[in-house]
Amino acid sequence: VGAGPVGMLAALLLSKAGVRVRVVDSEWRISAHSYACALHPATLELFDEAGTAEDILDVGERVDTVAFYEGPERRAEVRLSALPVTHPFLVVLPQSALEGILERRLNELGTRIHWSHRLSDIRSEGETLVATIDRLEETAKGYVVPDFDWSVRKTVQARASFVVGADGYGSHVRRCLGIDYEQRGDP
């Protein structure tokens, strides 16, 4: 549940391991916002395992050194290029570019993302989980000035051995399953 970078990478690694995966996300496509993301060396190794690192390196900007400033004065720096790892650097790219790469790779493996779908409920039944998934469609109301909203077009149930909740801070998966979350500070 959730087709951001974390959800898509989890789906990609599971698909490559031979696990049948269904990804649902209530958005209608990949992120349109220009969030930037910095991928660290260990994360790049995960993308190597997923078979997407080269595509990411082609699109992203490589950062070999990170400097720390206090006002105009440079106080310290970290030379990532000195790290004894496969990818001794950060890669910075827009989140939408990363998600596009991941979605293409999932499609190549036959795993599609069910956009405009939302998890409405999940419950345990013995050794399986039963997920209730709503297929959403955009509807308009109003005559002179249309007001667009999402409504449920169809509801289906799916059984699964497990569910990955990659649906963010206010995780609906976590709340449906009654998993406590101790907040450490302001969101």
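How each quantity is defined
- Residues numbered from 1 in each chain as written.
- Predicted model: local features only at pLDDT ≥ 70, side-chain atom pairs only at ≥ 80, totals over all residues.
- Heavy atoms only, no water.
- Helix = DSSP H or I, 4+ residues; strand = E, 2+ residues; numbered from the N terminus.
- Buried < 20%, exposed > 50% of the residue type's maximum accessible area, 1.4 Å probe, protein only.
- Contact = heavy atoms within 4.5 Å.
- Areas by Shrake-Rupley, 256 points an atom, 1.4 Å probe, with all protein chains shown as cover.
- Lys, Arg positive; Asp, Glu negative; His and termini not counted.
- Charge placed at Lys NZ, Arg CZ, Asp CG, Glu CD.
- Patch = residues over 30% accessible without salt bridge, like charges linked within 9 Å, V, L, I, M, F, W, Y side chains within 5 Å.
- Salt bridge = Lys/Arg side-chain N within 4 Å of Asp/Glu carboxyl O.
- Expected span 1.5 Å × (residues − 1).
- Pairing = 2+ DSSP bridges.
- Core = buried A, V, L, I, M, F, W, Y, C linked by side-chain atoms within 4.5 Å.
- Axes fitted to C-alpha atoms, helices over the stretch in contact; angles between N-to-C directions.
- Parallel < 35°, antiparallel > 145°, perpendicular 65-115°, else oblique.
- Left-handed = near helix turned anticlockwise from the far one by under 90°.

Chemist: Teacher, can you tell me more about the overall build of the protein here?
Modeler: Across its full length, the protein carries five helices and ten strands. Within the protein, the fraction of its 187 residues that count as buried is 30%. In the protein, of all internal contacts separated by at least 6 residues, the share reaching a separation of at least 24 is 62%. Carbon and sulfur atoms provide 50% of the accessible area of the protein, an area that totals close to 12,000 Å². Each charge class in the protein can be summarised by its mean position, and for the 21 positive and 28 negative side chains these summaries are 6 Å apart.

Chemist: Help me understand a nonpolar patch on the surface, please; the structure alone is not making it clear to me.
Modeler: A surface patch of nonpolar side chains, about 470 Å² in accessible area, is lined by Tyr143, Val144 and Val145. On the secondary structure map, Tyr143 appears in the loop between β9 (128-141) and β10 (147-160). The exposed category is assigned to Tyr143, whose relative accessible area is 84%.

Chemist: Can you help me understand helix α1 (residues 5-16) in this one?
Modeler: Note: α-helices contain 3.6 residues per turn, so residues at a spacing of three or four share the same orientation. Between its first and last C-alpha atoms α1 spans 16 Å; for twelve residues at 1.5 Å apiece the expected length is 16 Å, and the two agree. Turning to α1, its buried residues are Gly7, Met8, Leu9, Ala11, Leu12 and Ser15.

Chemist: Is there a simple way to explain unusual backbone geometry in this structure?
Modeler: Apart from glycine, the bulk of residues carry a negative phi angle, and the bulk of peptide bonds sit in the trans form. Here the phi dihedral of Ser116 falls at roughly 60°; this positive angle occurs in a residue that is not glycine. Position of Ser116 among the secondary structure elements: in the loop between β7 (113-115) and β8 (117-125).

Chemist: For this particular structure, what's the right way to read the pairing of strand β4 (residues 65-70)?
Modeler: Consecutive side chains along a regular strand alternate between the two faces of the sheet. Sheet topology places β4 next to strand β5 (residues 73-79); six bridges connect them, and they run antiparallel. Each residue of the ladder has a partner; that of Tyr69, found in β5, is Arg74. Hairpin connection between β4 and β5: a loop of two residues separates the two successive antiparallel strands, and Gly71 in this loop has a positive phi of roughly 65°.

Chemist: Quick question: what am I supposed to make of the nonpolar core here?
Modeler: If you look at soluble globular proteins, the nonpolar side chains tend to sit buried side by side. Counting 22 residues, the largest nonpolar core has Leu39, Phe47, Ile56, Leu93, Leu98 and Ile113 as its most contacted members. Contacts of Ile56, omitting those with residues within four sequence positions, involve Leu39, Leu44, Phe47, Val91, Leu93, Leu98 and Ile101. Core analysis: the second largest hydrophobic core is formed by eight residues, Ile122, Leu129, Ala131 and Ile133 among them.

Chemist: Any chance you could explain the packing of α1 against helix α4 (residues 95-108) here in plain terms?
Modeler: Each pair of packed helices can be described by the angle between their axes along with the distance between the axes. With their axes 10 Å apart at the nearest point, α1 and α4 run at an angle of 20° to one another. The angle between the axes of α1 and α4 places the two elements in the roughly parallel class. Both α1 and α4 take part in a crossing whose hand is left-handed. Residue-level contacts link Pro5, Met8, Leu9, Ala11, Leu12, Ser15 and Lys16 of α1 to Gln95, Leu98, Glu99, Leu102, Glu103, Arg105 and Leu106 of α4.

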